[in-house]
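Summary of structural features
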Amino acid sequence: MTTTNFMEVTFKAISINESFARLCVAGFCVQLNPSIDEIGDIKTAVSEAVTNCVVHAYPKHNGIITMRCEILGDTIKIVVKDQGIGIKDIEKAREPFFTTKPSEERSGMGFSVMESFMDKVEVEKNGDKGLVVTMYKQIGSSVMQVSNAS
């Protein structure tokens, strides 16, 4: 499917920028005429993806997060990537309750939350460093209903 519009932002991997990422994606999605629930789902998934970068990707220093959003017909595609330390076993990390930081009371539900709010979530290595999380959500209310009113 062809991209009809896109935006990309890059920001420092610090916790305050999680809310910035949520606002950016919500503002961009408005053009698809999403419901309040759809916006909430997208913002929650983005929060999890960005928080994973902040908490796990850069444990010893602050790095950079890049978020790209694309409109593909009635679907929003959101890519969140970092250049951090990566994940040794992506499949294990995607299991519910798996965490590498149990001492910090992490729930290990980040990927599960993303998957529950989005239609599709892909996780892959970003070359030699970091991860790329790609999420898709079809926006149901963006399709105009045509009626035969007489």
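Here's what I pulled together on the structure shown here. Along each chain, residues carry numbers from 1 onward, in the same order as the chain's sequence is written. Local features in this predicted model are restricted to residues of pLDDT 70 or higher, and side-chain atom pairs are both shown and tallied only at a pLDDT of 80 or more, whereas totals for entire chains, interfaces and linings draw on every residue. The basis for every side-chain value is the complete set of heavy atoms in the structure, and neither hydrogens nor water enter the calculation.

1. Observations concerning the packing of helix H1 (residues 17-29) against helix H2 (residues 36-57)
Relative orientation and spacing of two packed helices are given, respectively, by the angle between their axes and the distance between those axes. Angles shown run from 0 to 180 degrees and are taken between the N-to-C directions of axes, each axis being a line fitted to C-alpha atoms and, for helices, limited to the stretch in contact. Comment: elements are numbered from the N terminus, with helices defined as DSSP H or I runs of at least four residues and strands as E runs of at least two. Running from N to C, H1 and H2 point in directions that differ by 145°, and their axes come no closer than 9 Å. In terms of crossing hand, the pair formed by H1 and H2 is right-handed. Where H1 approaches H2, its residues Glu18, Ala21, Arg22, Val25, Ala26 and Cys29 are matched on the opposing element by Ile39, Ile42, Lys43, Thr44, Val46, Ser47, Val50 and Thr51. Ten residues, namely Ala, Val, Leu, Ile, Met, Phe, Trp, Tyr, Cys and Pro, are considered nonpolar, four, namely Asp, Glu, Lys and Arg, are considered charged, and the remaining ones, Gly among them, are considered polar. Here the residues of the contact of H1 with H2 sort into eight nonpolar, three polar and three charged. Put simply, a crossing is left-handed when the front helix is turned counterclockwise from the back one by less than a right angle, and right-handed when it is turned clockwise. We call two residues contacting when some pair of their heavy atoms lies within 4.5 Å.

2. Considerations on the nonpolar core
One recurring pattern in soluble globular proteins: nonpolar side chains tend to sit buried together. We define a nonpolar core as any set of buried Ala, Val, Leu, Ile, Met, Phe, Trp, Tyr and Cys residues linked to one another through side-chain atoms lying within 4.5 Å. The rule is simple: take the accessible area with a 1.4 Å probe, protein chains only, and divide by the maximum for that residue type; under 20% is buried, over 50% is exposed, in between is partly exposed. Counting 36 residues, the largest nonpolar core has Ile42, Val46, Met67, Ile76, Ile78, Val80 and Met135 as its most contacted members. Mapped onto this core, the elements with two or more residues apiece are strand E1 (3-12), H1, H2, strand E2 (64-72), strand E3 (75-82), helix H4 (110-117), strand E4 (120-125) and strand E5 (131-138). For this core, the element with the highest residue contribution is H2, accounting for eight residues. Here methionine 135 is in contact with Ala45, Val46, Ala49, Ile76, Lys77, Ile78, Val80, Met114, Met118, Lys120 and Val121, once residues within four sequence places are set aside.

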